[in-house]
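For reference, the chains in residue letters:
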Amino acid sequence: MHLWAVNEQSCLWQNTAKSRQAKQFVKQPNIRLTKYALKLSRKDLRVLAGLLTGHADLNLHLTLMQVRNDEVCPLCLVAEETTLHLLGKCCALINQRLEILGCHYLEYEDLALLHWRPLLRLTKASKRF
Ligand SMILES: [Zn+2]
């Protein structure tokens, strides 16, 4: 029964045409990460869900939502502030990224292999939330 449910979820996830960014981070259902997420505080879960889906309170999303009118990252001032930029590319976070994630720069494929705990840790270190 349990395995059947996981397989069903996996099929639904693979076949949905939506959730473009979330699919970059979550390739298939992961019970270990799901259990981790369900134990988070409401605030941390909101931040994590925003990062994974691209609906975080980051400047590009807020600009697209017409809440802000400047999509630039306030930390480095050189690129649009997106989840990938914040977690993988922002030069202002290069030291924290190396310390927390073990690498200076990361792409989606690299970030998708990491546990969500260090991603949240880096997000908190950025002081953007
Ligand atoms: Zn930046």
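Here goes a summary of the coordinates provided. This structure is a prediction, so every number in the text was calculated from the model and none was measured.

**A word on the overall build of the protein chain**
Stage number 1. Counting its secondary structure elements, the protein chain contains nine helices and zero strands.
Stage number 2. In the protein chain, the order of α-helices and β-strands from amino to carboxyl end is α-α-α-α-α-α-α-α-α.
Stage number 3. Here the C-alpha radius of gyration of the protein chain, 15 Å, is about what a compact globule of 129 residues would show, namely 14 Å.
Stage number 4. Once the C-alpha set of the protein chain is aligned to its principal axes, its extents read approximately 50 × 35 × 25 Å.
Stage number 5. Taking all 129 residues of the protein chain together, the buried fraction comes to 24%.

**Things to note about unusual backbone geometry**
Most peptide bonds take the trans configuration, and most residues that are not glycine carry a negative phi.
Stage number 1. With a phi close to 60°, Gln66 is a non-glycine residue in the positive phi region.
Stage number 2. Located in the positive-phi region is Lys127, a residue other than glycine, with phi close to 60°.
Stage number 3. Mapped onto the elements of the fold, Lys127 is located in the segment after α9 (116-126).
Stage number 4. In this structure Lys127 comes out as exposed when scored by C-beta crowding, with 7 C-beta atoms within 10 Å.

Cut-offs applied
Residues numbered from 1 in each chain as written. Predicted model: local features only at pLDDT ≥ 70, side-chain atom pairs only at ≥ 80, totals over all residues. Helix = DSSP H or I, 4+ residues; strand = E, 2+ residues; numbered from the N terminus. Rg over C-alpha atoms; globule rule 2.2 N^0.38 Å. Buried ≥ 20, exposed ≤ 12 C-beta atoms within 10 Å, placed from the backbone.

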